[in-house]
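Chain and residue survey
What follows is the residue order along each chain.
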Amino acid sequence: MRSKGVLHTDTEILVPFFDVDTMNVVWHGHYVKYLEVARCALLDKIGHNYTAMVESGYAWPVIDLQLRYVRGAVFGQKLNVRANLVEWENRLKINYLISDVKTGERLTRASSVQVAVDMSSREMQLASPKIFTDAVERMLA
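In this report, the structure presented in the accompanying data block is examined. (Residues numbered from 1 in each chain as written. Predicted model: local features only at pLDDT ≥ 70, side-chain atom pairs only at ≥ 80, totals over all residues. Heavy atoms only, no water.)

1. Some points on the nonpolar core
For soluble globular proteins, nonpolar side chains are generally found buried alongside one another. Grouped together as the largest cluster of nonpolar side chains are 31 residues, with contacts concentrated most on Y34, I46, L85, L92 and F132. Broken down by element, this core gets its largest block of residues, seven residues, from helix α1 (residues 30-46). Discounting chain neighbours no more than four positions away, the residues touching I46 are L7, L85, A135, V136 and M139. (Core = buried A, V, L, I, M, F, W, Y, C linked by side-chain atoms within 4.5 Å. Buried < 20%, exposed > 50% of the residue type's maximum accessible area, 1.4 Å probe, protein only. Helix = DSSP H or I, 4+ residues; strand = E, 2+ residues; numbered from the N terminus. Contact = heavy atoms within 4.5 Å.)

Given below as structure tokens:
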């Protein structure tokens, strides 16, 4: 069973024409873009988005990304992308669920893992920076 996480956000995406292939199905690489939109919304909700990360001196590269496609999304379909915060103390792990807004049918499951990297030394951090963990803890309080 996948962890639902301690905090989540939902983002709706209407599949645009330029994201589909000749079979009218979303090209598999575009799902990563949908995850990014949901991840940005989750970070905004936490109050520590990518701008704040950079201002605090840390980059957060994705080091692992996993997707499991169940059913392809199609042009004009309204999707819900739920991003669930699963881990934040040592790394940032988010689980995602992409589903059809009308039916609730699951279309894709995914997860991403990011780690903090000190921008001045380019060293990966073994624990998330306090400024980030404090933002999460404030949100959870």
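Next comes the rest of the account.
2. Details of the sheet that holds strand β5 (residues 92-100)
As summarised here, the arrangement of the five strands in space is β1-β4-β5-β6-β3, forming an open sheet in which the pairing is antiparallel. Each end of this open sheet is capped by a strand with a single partner; those strands are β1 (7-14) and β3 (62-69). Mean inter-strand twist for the sheet, computed between neighbouring axes without regard to direction, equals 20 degrees. Pairing geometry for β5 and strand β6 (residues 106-114), over eight bridges, is antiparallel. (Pairing = 2+ DSSP bridges. Axes fitted to C-alpha atoms, helices over the stretch in contact; angles between N-to-C directions.)

3. Regarding the packing of aromatic side chains
Describing an aromatic ring pair means giving the distance of the ring centres and the angle of the ring planes. Per the stated rule, a full pass over the model turns up four aromatic pairs. Centroid distance F17 to F75: 5.7 Å. Interplanar angle 85 degrees. Geometry classified as edge-to-face. With F17 in the loop between β1 and α1 and F75 in the loop between β3 and β4 (78-87), this pair connects stretches of sequence that are 58 residues apart. Here F17 falls in the exposed class, since its relative accessible area comes to 61%. Judged by centre distance (5.9 Å) and plane angle (65 degrees), the rings of Y31 and Y34 are edge-to-face. One end of the pair, Y31, and the other, Y34, are both in helix α1, three residues apart, so they sit about a helical turn from each other. The burial state of Y31 is the same as that of Y34; both residues are buried. (Phe/Tyr/Trp six-rings, centres within 6.5 Å; stacked < 30°, edge-to-face > 60°.)

4. A look at the side chain of R39
For R39, the location among the structural elements is in helix α1. Given the relative accessible area of 4%, R39 is considered buried. A distance of 2.7 Å separates a polar atom in the side chain of R39 from a polar atom in the side chain of Y96. Dropping the residues within four chain positions of it, R39 is found in contact with Y50, V62, I94, Y96, S112 and Q114. (Polar contact = N/O pair within 3.5 Å; in protein donor to acceptor, adjacent residues only side chain to side chain.)

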